[in-house]
Amino acid sequence: MEISVSILSIDYANIKTNLDKFSNDIKYLHLDVMDGRFVPNISFGPALIKSLRKNSHLIFDTHLMICNPEKYVEDFVKAGSDMITFHYEAVTNPKEIIELIHSYHVKAGISINPNTSVEVLEDILPYVDLVLIMSVHPGHGGQAFLSSAIDKVKYLKSKKEEKHYSYLISIDGGINDETLPLVFPYIDLAVSGSYIVQALDPQENLKKLMHISS
Ligand code: DX5
Ligand code: ZN
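Criteria and cut-off values
- Residues numbered from 1 in each chain as written.
- Chains lettered and ligands numbered in written order.
- Predicted model: local features only at pLDDT ≥ 70, side-chain atom pairs only at ≥ 80, totals over all residues.
- Heavy atoms only, no water.
- Helix = DSSP H or I, 4+ residues; strand = E, 2+ residues; numbered from the N terminus.
- Rg over C-alpha atoms; globule rule 2.2 N^0.38 Å.
- Buried < 20%, exposed > 50% of the residue type's maximum accessible area, 1.4 Å probe, protein only.
- Areas by Shrake-Rupley, 256 points an atom, 1.4 Å probe, with all protein chains shown as cover.
- Lys, Arg positive; Asp, Glu negative; His and termini not counted.
- Charge placed at Lys NZ, Arg CZ, Asp CG, Glu CD.
- Phe/Tyr/Trp six-rings, centres within 6.5 Å; stacked < 30°, edge-to-face > 60°.
- Lys NZ or Arg CZ within 6 Å of the ring centre and 35° of its normal.
- Expected span 1.5 Å × (residues − 1).
- Arc of directions from axis to C-beta.
- Contact = heavy atoms within 4.5 Å.
- Pairing = 2+ DSSP bridges.
- Axes fitted to C-alpha atoms, helices over the stretch in contact; angles between N-to-C directions.
- Donors = N, O, S within 2.8 Å, 3.2 Å for Na, K, Ca; no water.
- Tetrahedral: all angles 85-135°; square planar, octahedral: opposite > 155°, others 65-115°.
- Near = heavy atom within 4 Å.
- Polar contact = N/O pair within 3.5 Å; in protein donor to acceptor, adjacent residues only side chain to side chain.
- Nonpolar A, V, L, I, M, F, W, Y, C, P; charged D, E, K, R; others polar.

Structural notes on the overall build of the protein
Step number 1: Across its full length, the protein holds 8 helices and 8 strands.
Step number 2: Here the C-alpha radius of gyration of the protein, 16 Å, is about what a compact globule of 214 residues would show, namely 17 Å.
Step number 3: Taken along the three principal axes of its C-alpha coordinates, the protein extends 45 × 35 × 30 Å.
Step number 4: Of all 214 residues assigned to the protein, the portion counted as buried reaches 51%.
Step number 5: A total accessible area of about 10000 Å² is found for the protein, and carbon and sulfur atoms account for 48% of it.
Step number 6: Between the centroid of the 19 positive side chains of the protein and the centroid of its 27 negative side chains there is a distance of 4 Å.

Looking at the packing of aromatic side chains
We describe a pair of aromatic rings using the distance from one ring centre to the other and the angle between the two ring planes.
Step number 1: In the structure shown here, the tally under the stated rule is 2 aromatic pairs.
Step number 2: Note on Tyr12 and Phe44: the rings are 6.3 Å apart at their centroids and 65° apart in plane angle, and the pair reads as edge-to-face. Of this pair, Tyr12 sits in the loop between β1 (2–6) and α1 (15–20) while Phe44 sits in the loop between β2 (28–34) and α2 (46–54), placing them 32 residues apart in sequence.
Step number 3: For the ring pair Tyr165 and Tyr167, a centre distance of 5.9 Å and an interplane angle of 40° mean the geometry is tilted.
Step number 4: In this structure, Arg53 packs its charged tip against the face of Phe60, placed 3.7 Å from the ring centre.
Step number 5: Taking the ring centre of Tyr127 as reference, the NZ or CZ of Lys95 above it sits at 4.5 Å.

Details of helix α8 (residues 202–213)
Step number 1: Between its first and last C-alpha, α8 extends 17 Å over 12 residues, near the 16 Å set by a 1.5 Å rise per residue.
Step number 2: Within α8 the residues assigned to the buried category are Pro202, Asn205, Leu206, Leu209, Ile212 and Ser213. Projection of α8 onto a plane perpendicular to its axis shows the buried side chains occupying an angular sector of 120°, all on one side. Looking at α8, the residues exposed on the side facing more than 90 degrees away from the buried face are Lys207 and His211.
Step number 3: The inward-facing, buried residues of α8 contact β1, α6 (180–183), β8 (189–192) and α7 (194–197).

What to know about the sheet that holds β8
Step number 1: With respect to topology, 8 strands assemble into a closed barrel ordered β1-β2-β3-β4-β5-β6-β7-β8, the strand pairing being parallel. Strand-to-strand twist in this sheet, taken as the mean axis angle between neighbours without regard to direction, amounts to 25°.
Step number 2: Relative to strand β4 (residues 83–87), strand β3 (residues 59–65) runs parallel, the two being bridged by 3 bridges. Counted as the bridge partner of His63 is Thr85 from β4.

Here we look at the coordination of the zinc ion (ligand 2)
Step number 1: Taken together, His30 (NE2), Asp32 (OD), His63 (ND1) and Asp172 (OD) make up the full set of protein donors to the zinc ion (ligand 2), lying 2.0 to 2.3 Å away.
Step number 2: Coordination at the zinc ion (ligand 2) is octahedral, judged from the 6 donor atoms that bind it and the angles of 71 to 171° they form at the metal.
Step number 3: Every donor residue of the zinc ion (ligand 2) comes from the same chain, spaced as H-x1-D-x30-H-x108-D. Taken together, the residues His30 in strand β2 and Asp172 in strand β7 (residues 168–172) connect sequence positions 142 residues apart.

Side note on the site of ligand 1
Step number 1: For ligand 1, the set of nearby residues contains 20 residues, the closest of which are Asp32, Gly142, Asp172, Gly193 and Ser194.
Step number 2: Gly139 is positioned with one of its backbone polar atoms (N or O) 2.8 Å from an oxygen atom of ligand 1.
Step number 3: Residue assignment for the shell around ligand 1 shows that the elements contributing at least two residues are β2, β3 and β8.
Step number 4: The element best represented in the shell around ligand 1 is β2, accounting for 3 residues.
Step number 5: Its residues assigned to classes, the shell around ligand 1 shows 6 nonpolar, 12 polar and 2 charged.

Printed below as a string of structure tokens:
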């Protein structure tokens, strides 16, 4: 299992210094894009991702919490995303968007909100590279983990084994040293934001998460 660190709650005034505190210890950086429509909050767009790309060899795991993601796929590819995840709730034809993302040779992920049942993804599972289960209502960092996500990652793990699918199982929201133990046997990638980026010692908290999963 790997950790993808979300920078949503980082101090942007000193972003390089703050990222340098843990960048050498991770493989994935989780980039939360919010449009103020799909979710009430607004975060950042491709320009920030493009700037970060110049100084980073990490895998850029872009999470689009936006309406009409198909309009912006190209921008996020050009900005340097290695994986692009969009929301099932934001689109009418998810398979078309997966194909669009794949046409740029970028990995495609699909995400569901806490109130969406995981079974709706059944027909899409053969085509995606990543499934992201939201364990908070998307929009803000620092919220409490919702335990309804546990059964969803269990379902995805058993489907993956049964059908020999290749997607990564990821979980996002409220992940810390108390909640990761509840899900780590079922997931490949844990997104953690405020627990790492707001810690006095981000490296130490990262080590705690890695220890749980080892
Ligand atoms: C929530 C975002 C998450 C969030 C994770 O809308 O998608 O990636 O930043 O942050 P924490 O770990 O603080 O819940
Ligand atoms: Zn996210």
